[in-house]
Amino acid sequence: MNQLDELRSAGVPDMEAVGGLLVELAADEEFFGPLIEQLPPAAPGDRWLVRPERGPRLVLVHRPDAVMGYTHSHRCWVAVAPVRGVETHQRWDAVRHPDGRAELRLAEQRALVRGEVVTLVPPRDVHNHGHVAGSGPSPYSLILLGDDMLLFAREEYDPRQGTWRALAPGDPGRSNR
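Note that the structure is predicted; figures quoted are calculated from it, not measured.

What follows deals with the pairing of strand E9 (residues 140-145). Extensive coverage of E9 is indicated by the burial of 6 of its 6 residues. Going residue by residue along E9, you find Tyr140, Leu142 and Leu144 tucked away on one face and Ser141, Ile143 and Leu145 tucked away on the opposite face as well. Note: strand E2 (residues 57-62) against E9, 6 bridges, orientation antiparallel. Directly across from leucine 58, in E9, lies its bridge partner leucine 144. Note that strand E4 (residues 78-84) and E9 share 6 bridges and pair antiparallel. Residue pairing in the sheet places alanine 79 in a bridge with leucine 144 of E9.

So this is what it looks like as structure tokens:
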């Protein structure tokens, strides 16, 4: 977090450098191995590692086989890097309509493994991530957020239905689909 603070001293962080720090941290199997063993492999789970009232926070997240998170925005910068397994990450271009319809286009899909990272900055932060059946072992990934996303009004999307809904501050949205 001290290295991250140095990167943030100029105001807007260099997301490539933030991603590099997260990849370096995710490579520490000796540290993360025991934490991963505490998360049940057959169920979604997380373990907060750094969670201040405001500012960057870090969480270790597990999604079991074939479980993807709902498509959502953060309204703050975010970086995702696997520690173990294959994390499928999808970034979407989204156009919202007042009646709840949404035009969604898959802009990028990546199967991330240890040593890789994805970073997002609003407004291009509509995404989902987790595990796609048959892609490899289910992921245990680090998610580094620029702030507490629950402080912001955000959106949740359903690409299959072509819809969106507003998430008021404090609403975490649905977890997994």
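Bringing the pattern of salt bridges into the picture now. Scanning all chains against the criterion turns up 13 salt bridges. Salt-bridge contacts for arginine 84 lead to glutamate 37; the nearest nitrogen and oxygen are separated by 3.4 Å. Remark: glutamate 37 occurs in helix H3 (residues 29-37) and arginine 84 occurs in strand E4; sequence separation between them is 47 residues. Classification of glutamate 37 by relative accessible area gives exposed; the value is 60%. Across the pair arginine 75 and glutamate 155 runs a salt bridge, and its minimum N-O distance is 2.7 Å. Placement of arginine 75 in the loop between strand E3 (71-72) and E4 and of glutamate 155 in strand E10 (residues 154-158) is noted, with a sequence separation of 80 residues between them. Classification of glutamate 155 as buried rests on a relative accessible area of 7%.

Thresholds, definitions, all that
- Residues numbered from 1 in each chain as written.
- Predicted model: local features only at pLDDT ≥ 70, side-chain atom pairs only at ≥ 80, totals over all residues.
- Heavy atoms only, no water.
- Buried < 20%, exposed > 50% of the residue type's maximum accessible area, 1.4 Å probe, protein only.
- Helix = DSSP H or I, 4+ residues; strand = E, 2+ residues; numbered from the N terminus.
- Pairing = 2+ DSSP bridges.
- Salt bridge = Lys/Arg side-chain N within 4 Å of Asp/Glu carboxyl O.

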